[in-house]
Amino acid sequence: MNYLRTFVSIVRRPILKTTLNQSRILQKNVIVISRPFVSQTEVEDEMEIFVTELCKGDKELEKKFRVLMLEVEVMRQDGRFAPDKIQLDQWQHLLELPSRNQRANYLTFLWKTEKRKENQKAKREARRKEFENAPPQEIKEYPDDLSYGIKYQSLFLRIRDQSINYFDNYRALQAMTYGQSVVIDCSYEEHMVRREITNAAKQMTFVFGDNRIHKDPFNLHICNVNMKGEFMKQLKKNIPSIIEPWFPLNIHTTSYLDVFPKEKLVYLTPHCREELTTFDPDSIYIIGCMVDKINNEPLSLAKAKKDGLKMAKLPLDRYLEWAPGSKKNLNINHMVPILLDLRLTGDWEFALRHIPRRKLMETKIMAMQKMLQNSTFAKKEIYKKFQGVPRQKNYLSRDEKKFKSKRTLYDDDNV
């Protein structure tokens, strides 16, 4: 009850003028709700600044936001999962969620992320202290012996991470001048929910990293990009320097039809009939940047037909035994490495090694065998299911198969 009275007293107070500390808080886009070690005045200022920044004079939104802040604070006081710090875009997403269950799940996710970062920081600090308190090096056998190690001399030249980063960027810049172009179509943002957009931006980050460390990278073009959309916001978070003019990536707000000739474009979609048998170095392949966990419609096929482009799909059934129930839609961070290795080697079996093993039949069989070995109950249940199944006409038991195989091997009539 005391917390509710304190919150009501804070709500009724007028908005204060922005100070220097408040402007710093706005730059970080972080608000800290009342904690025992924070003074009440600072909490009031932070809350009022956040209300002004997010609501912008909308009374209904301000009322909804204050109720939401009270709901989060009650969750903290009850010992439920809620993070101590919530960023501006996270508060905005909480306001968009319609149900309390969805808000609780999102706050649990934020709490787990916050605790994981705290644990990683604590582990780094523990390793640093362990390294500082490590016992000194053993006494030298002879006084003029050289000491080798991290703090002493080394036989090898030290290559720093920044030097490797410069080298990878230089290779990506060379690909922008001489490499083959590959297009990432980012026109599916309106068909994805927020979680799928975040996942798509994460996949695009992996695509850029995998491409630039390859021996022969592609000249990547991102087309149909909405610079003010959620996808670009998430991509800027993952790669802050992506909009810099020196960054080795081509970003276009226009369509790929305005950048490349139409006769060279080939749209890679899993819903078409034509298979990509060989890699064509003169073609420009298009990959749709879409995560379709909820929407399973063939949008890439419709987009390619609308633009009148050639289409192709990867020959997955020729080289892999697909597990039942697994989708054949691959992520863009799987498609680009497959095309990179296919262009370099021309070997489909080597290129398809980037497909996740969980989608293949052999993984399902190994998982089933492991489950049967560890559980007698599962073994009995499977046997019960197969007892009622009638035997097929040409069905042979294991012993009959062994006898037949021996007969075909050693019978002269079958040679």
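Use the structure listed above.
What comes next is a walk through the structure. Note that the structure is a prediction, hence the values are computed from the model and not measured.

## Regarding the packing of aromatic side chains
And step 1. By the definition in use, this model includes nine aromatic pairs.
And step 2. Pairing F81 with W111 gives two aromatic rings, centres 4.3 Å apart and planes at 25°, and the pair type is stacked. Within this pair, whereas F81 is found in the loop between α4 (59–77) and β2 (85–87), its partner W111 is found in helix α6 (residues 100–132), the two being separated by 30 residues in sequence.
And step 3. Accessibility expressed as a relative area gives 24% for W111, which makes it partly exposed.
And step 4. Taken together, the ring pairs in this structure connect F208, W246 and F247 into an aromatic cluster.
And step 5. The lysine or arginine in question, R353, covers the ring of F350, its NZ or CZ lying 4.2 Å from the ring centre.

## Concerning the environment of A201
And step 1. Tracing the backbone through its elements, the reader meets A201 in helix α8 (residues 194–212).
And step 2. The class of A201 is buried, set by a relative accessible area of 0%.
And step 3. When the C-alpha positions of A201 and I239 are compared, they lie 9.9 Å apart, and in sequence the two are 38 residues distant.
And step 4. Once you skip the residues sitting within four places of it in the chain, A201 turns out to touch F231, Q234, L235 and N238.

## Re the packing of α8 against helix α9 (residues 230–238)
And step 1. It is at 9 Å that the axes of α8 and α9 come closest, and there the two elements cross at 45°. Viewed along their axes, α8 and α9 adopt a mutual orientation that is oblique. In the crossing of α8 with α9, the sense of the turn from one axis to the other is right-handed. For the pair α8 and α9, contact is made by R194, I197, T198, A200, A201, K202, M204 and T205 and by E230, F231, Q234, L235 and N238, respectively.
And step 2. Here the residues of the contact of α8 with α9 sort into six nonpolar, four polar and three charged.

## Some remarks on helix α10 (residues 299–307)
And step 1. For α10, every residue scored as buried is listed here: L299, S300, L301, K303, A304 and D307.
And step 2. Turning to α10, the residues buried within the fold contact β3 (181–185), β6 (265–268) and β8 (310–312).
And step 3. Of the residues trailing α10, G308 is marked for its positive phi of about 70°.

## Describing the sheet that holds strand β4 (residues 219–223)
And step 1. The six strands lie next to each other as β5-β4-β3-β7-β6-β8, forming an open sheet whose pairing is parallel. If you trace the sheet from one side to the other, it starts and ends with β5 (250–251) and β8, each paired once.
And step 2. Bridge analysis of β6 against strand β7 (residues 284–288) gives four bridges, and the strand direction is parallel. Across the sheet, the residue bridging to Y267 is I286, located in β7.

## Looking at the nonpolar core
And step 1. In this structure, F231, Y256 and I287 are the most contacted members of the largest nonpolar core, which totals 60 residues.
And step 2. When residues in this core are grouped by element, the largest group, seven residues, is from helix α12 (residues 332–345).
And step 3. With near-sequence residues (within four places) excluded, I287 lies in contact with V182, V183, I184, D185, L268, I332, M335, V336 and L339.
And step 4. Counting residues in each nonpolar core, the second largest holds 19 residues, with V51, C55, M69 and L107 among its members.

## Things to note about α4
And step 1. End to end, α4 covers 27 Å across 19 residues, agreeing with the expected 27 Å (1.5 Å per residue, within 8%).
And step 2. E62, F65, R66, L68, M69, E71, V72, E73, M75 and R76 are the residues of α4 that are buried.
And step 3. Looking one or two residues beyond α4, the residue adopting positive phi is G79, at roughly 85°.

## Some remarks on a positive patch on the surface
And step 1. Positive charge collects at one region of the surface, where K85, K121, K123, R124 and R127 lie side by side.
And step 2. In terms of residues, the positive patch owes the most to one element, α6, which gives four residues.
And step 3. Within the secondary structure layout, K85 lies in strand β2.

## Section: the pairing of β4
And step 1. Most of β4 is tucked away: five of the five residues are buried.
And step 2. Neither face of β4 is open: one carries N219, H221 and C223, the other L220 and I222, and all of them are buried.
And step 3. For the crossover that starts at β3, traverses α8 and ends in the parallel β4, the hand is right-handed.
And step 4. Bridge analysis of β4 against β5 gives two bridges, and the strand direction is parallel. Paired with I222 across the two strands is I251, which belongs to β5.
And step 5. Taken together, β4, α9 and β5 constitute a β-α-β crossover, and its handedness is right-handed.

So, how was this worked out
- Residues numbered from 1 in each chain as written.
- Predicted model: local features only at pLDDT ≥ 70, side-chain atom pairs only at ≥ 80, totals over all residues.
- Heavy atoms only, no water.
- Phe/Tyr/Trp six-rings, centres within 6.5 Å; stacked < 30°, edge-to-face > 60°.
- Helix = DSSP H or I, 4+ residues; strand = E, 2+ residues; numbered from the N terminus.
- Buried < 20%, exposed > 50% of the residue type's maximum accessible area, 1.4 Å probe, protein only.
- Lys NZ or Arg CZ within 6 Å of the ring centre and 35° of its normal.
- Contact = heavy atoms within 4.5 Å.
- Axes fitted to C-alpha atoms, helices over the stretch in contact; angles between N-to-C directions.
- Parallel < 35°, antiparallel > 145°, perpendicular 65-115°, else oblique.
- Left-handed = near helix turned anticlockwise from the far one by under 90°.
- Nonpolar A, V, L, I, M, F, W, Y, C, P; charged D, E, K, R; others polar.
- Pairing = 2+ DSSP bridges.
- Core = buried A, V, L, I, M, F, W, Y, C linked by side-chain atoms within 4.5 Å.
- Expected span 1.5 Å × (residues − 1).
- Patch = residues over 30% accessible without salt bridge, like charges linked within 9 Å, V, L, I, M, F, W, Y side chains within 5 Å.
- Areas by Shrake-Rupley, 256 points an atom, 1.4 Å probe, with all protein chains shown as cover.
- Salt bridge = Lys/Arg side-chain N within 4 Å of Asp/Glu carboxyl O.
- Lys, Arg positive; Asp, Glu negative; His and termini not counted.
- Charge placed at Lys NZ, Arg CZ, Asp CG, Glu CD.
- Right-handed = clockwise from strand over helix to strand, strands pointing away.

Keep in mind that these numbers describe shape and distance, not what the molecule does.
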